[in-house]
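# Report on the structure
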Amino acid sequence: MPGSRDQRAGSNRAATIHGCAQSGDLIGLQKRLQEDPSLLNARNDIMAQTPLHIAAGYNNVGIMRVLLDSRGHEKIELEARNMYGETPLHMAAKNGCNEALQLLLDHGAFVEAKANNGMTPLHLSVWYSLHTKDCSTVSPLLEYNADCNAQDNEGMTPLNHLAQGPSNEKLRELLHQHLEARRKRQAIEACSETKAKMEELEQTLTGLVGLPDLKLQLRKWARGMLLDEKRRALDLIIADRKPPHMAFLGNPGTGKTMVARILGRLLYMVGILPSDKVTEVQRTDLVGEFVGHTGPKTRRKIKEAEGGILFVDEAYRLIPMQKSDDKDYGIEALEEIMSVMDSGKVVVIFAGYSEPMKRVISSNEGFCRRVTKFFYFDDFNTNELAQILHLKMNNQEKNSQLYGFRLHPTCTIEAIADLIERETTEEQRKEMNGGLVDPLLVNARENLDLRLDLDCIDASSLVTITMEDLEGGLRLMSR
């Protein structure tokens, strides 16, 4: 059925403004926009093209400037699409309209816009250049970082079209120069990011006392993972690294949990894990009391840890010391954990005393295949314990009992190491390791409170822990 009189009139007005855009009739176009500003983005009947589409396809730059600079209530649709999904930038690219293309780019046209067939303006520009030997529309697109590797719906890139079309050495050289320059920029950016991440890691490792072998391995991992980032930035195709499952072996207080948290941040920082969370569990978190309880309980904890690290502390408690006819539920929990270690969804760290952990290692034939890194956490010597004490005092958080307090200048690392040597036994240090420091400092503060006169108004004295306070704190622990 024929349309109403208003619809036909609107269609005639739209056709007229499209005719002006095609012929370059600037005065006629301006007159019609004054009469009806809504024609700015009017679509023609068949191709659904706006005046900007047509002006761009015919390189009518004067018309385009009027359309682009229109200040009425109607805003120009820079990314309007015709029936083929093409934007005005596509029209300029496929018709070799260099001035129109440059004007659209300068006004912010999206260089990676895709038509219904998936082609970008660069696809069409390369196609045009291959058949006309005119590369004038390719260069501005490359200057705006058009992607030479963008794929259309058939998986073809602009470079693929270059390989299949007529020979054009100038175009080939232009595209490859752009690719090489892009790789260099990406390499420079990757270098900058890599250095920043390594500096962050080094700052974190500075807060770790001792553990030279572990620090070396963390640096190796970090460098390898960060270099992989750079390799991918240069479009090199390399294998993905598998998440490293580990065993931390050593006495309590040697920093195993702290290192697990550092490792979580490292693996997240370089993209191996999607989060830096560390889920800490022990036997009681995994093992049920009755048949059928352990599997679901363990799977819930594994699910909770997904995307980060599952830290199984005192893992040897999952394996009974003596074999029994009845299957221990701890073995079931271990088997559940082992079953997900190849999925890549979680990194597992088993931690515990070195000797009892041998039970875990020998309990499952797949353990050593999956757990590829074993780290031994040595006991801290007195000098290292003194270093830990200094680090804790210099990095107190607001919720700490020691926040706002400081050590007296006489409390040097050497002096504190000598004090610990005198006032503790080797057995005591071996049992507590770094766990000795926090109660020592809490006791030292209590000693300070006991020592000070209630009338004291010297601000410095009120927050300064002395060697006398540390000595009193250690003796209280020894008793």
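Residues numbered from 1 in each chain as written. Predicted model: local features only at pLDDT ≥ 70, side-chain atom pairs only at ≥ 80, totals over all residues. Heavy atoms only, no water.

In the annotation of an unreviewed UniProt entry, the protein chain is listed under the name AAA+ ATPase domain-containing protein and assigned to Acorus calamus. Taken from UniProt, the Sequence similarities (unreviewed entry) comment for the protein chain reads in full: "Belongs to the CbxX/CfxQ family." (UniProt positions renumbered as here; feature names shortened; annotations may be inferred.)

### Observations regarding the overall build of the protein chain
A count of helical and extended segments in the protein chain gives 23 helices and seven strands. Computed over C-alpha atoms, the radius of gyration of the protein chain comes to 35 Å, more than 25% over the 23 Å expected from 2.2 N^0.38 for 479 residues, which places it beyond the range of a compact globule. With the principal axes as the frame, the protein chain shows a C-alpha extent of 100 × 70 × 50 Å. For the protein chain, the residues scored as buried account for 45% of the 479 residues in total. (Helix = DSSP H or I, 4+ residues; strand = E, 2+ residues; numbered from the N terminus. Rg over C-alpha atoms; globule rule 2.2 N^0.38 Å. Buried < 20%, exposed > 50% of the residue type's maximum accessible area, 1.4 Å probe, protein only.)

### What to know about the packing of aromatic side chains
Tallied over the full model, the rule gives six aromatic pairs. Pairing phenylalanine 248 with phenylalanine 377 gives two aromatic rings, centres 4.9 Å apart and planes at 45 degrees, and the pair type is tilted. Here phenylalanine 248 is found in strand E1 (residues 245-250), whereas its partner phenylalanine 377 is found in strand E5 (residues 371-377), with 129 residues between them in sequence. The same class applies to phenylalanine 248 and to phenylalanine 377, which are both buried. (Phe/Tyr/Trp six-rings, centres within 6.5 Å; stacked < 30°, edge-to-face > 60°.)

### Some details on the nonpolar core
Counting 45 residues, the largest nonpolar core has Leu29, Met64, Leu104, Leu122, Leu141, Leu171 and Leu175 as the members making the most contacts within it. Those residues in contact with leucine 171 that lie beyond four places of it in its chain are Val126, Ser129, Leu130, Cys135, Val138 and Leu162. One finds Met225, Val278, Ile309 and Val347 within the second-largest nonpolar core, a separate group that totals 30 residues. (Core = buried A, V, L, I, M, F, W, Y, C linked by side-chain atoms within 4.5 Å. Contact = heavy atoms within 4.5 Å.)

### Comments concerning the side chain of asparagine 41
As for its position among the elements, asparagine 41 is in the loop between helix H2 (26-35) and helix H3 (51-57). A polar contact of 2.9 Å, which involves the side chain of asparagine 41, links it to the backbone nitrogen of glutamate 77. Apart from residues lying up to four places away in sequence, asparagine 41 is in contact with Thr50, Pro51, Glu74, Lys75, Ile76 and Glu77. (Polar contact = N/O pair within 3.5 Å; in protein donor to acceptor, adjacent residues only side chain to side chain.)

### Let's talk about the pairing of strand E3 (residues 309-312)
Covered by surrounding structure in E3 are Ile309 and Phe311 together with Leu310 and Val312, the residues of both alternating faces. Here strand E2 (residues 278-281) runs beside E3; their pairing, made up of four bridges, is parallel. Bridging from a neighbouring strand, threonine 279 pairs with leucine 310 of E3. As judged from the four bridges shared by E3 and strand E4 (residues 347-352), these two strands associate in the parallel manner. Paired with leucine 310 across the two strands is valine 348, which belongs to E4. (Pairing = 2+ DSSP bridges.)

### Considerations on the sheet that holds E4
Reading across the sheet, the five strands line up as E2-E3-E4-E1-E5 and stay open at both edges, with parallel pairing between neighbours. Where the open sheet ends on each side, the last strands, each with one partner, are E2 and E5. Direction aside, the axes of adjacent strands within the sheet are offset by 20 degrees on average. Lying over the sheet, helix H12 (residues 256-269) contacts E1, E2, E3, E4 and E5, oriented at roughly 170 degrees with respect to E3. Along the sheet face, helix H14 (residues 294-305) touches E2 and E3 and points at about 135 degrees away from the line of E3. (Axes fitted to C-alpha atoms, helices over the stretch in contact; angles between N-to-C directions.)

### Focus on the environment of lysine 256
With respect to the secondary-structure elements, lysine 256 resides in helix H12. Taking relative accessible area as the criterion, lysine 256 reaches 8% and is therefore assigned buried. With 119 residues separating them along the chain, lysine 256 and phenylalanine 375 place their C-alpha atoms 9.4 Å apart. Dropping the residues within four chain positions of it, lysine 256 is found in contact with Phe248, Leu249, Gly250, Asn251, Phe311, Ala351, Gly352 and Phe377. Within polar-contact distance, the side chain of lysine 256 engages the backbone oxygen of asparagine 251 at 2.8 Å. For lysine 256, the side chain forms a polar contact with the side chain of threonine 254, separated by 3.5 Å.

### Things to note about the pairing of E4
Taken across its six residues, E4 has six buried, putting it largely inside the fold. Where burial is concerned, the two faces of E4 agree: the one with Val347, Ile349 and Ala351 and the one with Val348, Phe350 and Gly352 are both buried. Here E1 pairs with E4 via four bridges, running parallel. Counterpart to methionine 246 in the pairing with E4 is isoleucine 349.

### Concerning helix H11 (residues 212-233)
Here H11 contains 22 residues, and its C-alpha end-to-end distance of 32 Å stays within 8% of the 32 Å for a straight helix at 1.5 Å per residue. For H11, the set of buried residues is Leu214, Lys215, Gln217, Leu218, Trp221, Ala222, Gly224, Met225, Leu226, Asp228 and Ala233. (Expected span 1.5 Å × (residues − 1).)

### Focus on the UniProt feature "repeat: ANK" (unreviewed entry) in the protein chain
In this structure's numbering, the residues bearing the UniProt feature "repeat: ANK" (unreviewed entry) are residues 84-116 and 117-153. Along residues 84-116, the helical share is 48% and the strand share 0%, with 6 Å between the first and last C-alpha atoms. Within the segment residues 117-153, helix and strand shares are 49% and 0% respectively, and the terminal C-alpha atoms sit 6 Å apart.

### A short note on the packing of helix H18 (residues 382-394) against helix H19 (residues 413-423)
Between H18 and H19, whose axes approach to 8 Å, the crossing angle comes to 125 degrees. Here H18 is positioned oblique relative to H19, judged by the angle of their axes. Note that H18 runs across H19; the crossing there is right-handed. Contact residues: H18 offers Thr382, Asn383, Leu385, Ala386, Gln387, Leu389 and His390, while H19 offers Ile413, Ile416, Ala417, Ile420 and Glu421. Split into classes, the residues belonging to the contact of H18 with H19 amount to seven nonpolar, four polar and one charged. (Parallel < 35°, antiparallel > 145°, perpendicular 65-115°, else oblique. Left-handed = near helix turned anticlockwise from the far one by under 90°. Nonpolar A, V, L, I, M, F, W, Y, C, P; charged D, E, K, R; others polar.)

### Observations concerning the confidence of the model for the protein chain
For the protein chain, mean pLDDT is 86; residues scoring 70 or higher make up 92% of the total. Across residues 1-14, where pLDDT falls below 50, the model places eight contacts with residues more than four positions away in sequence or in other chains. (pLDDT = per-residue confidence, 0-100.)

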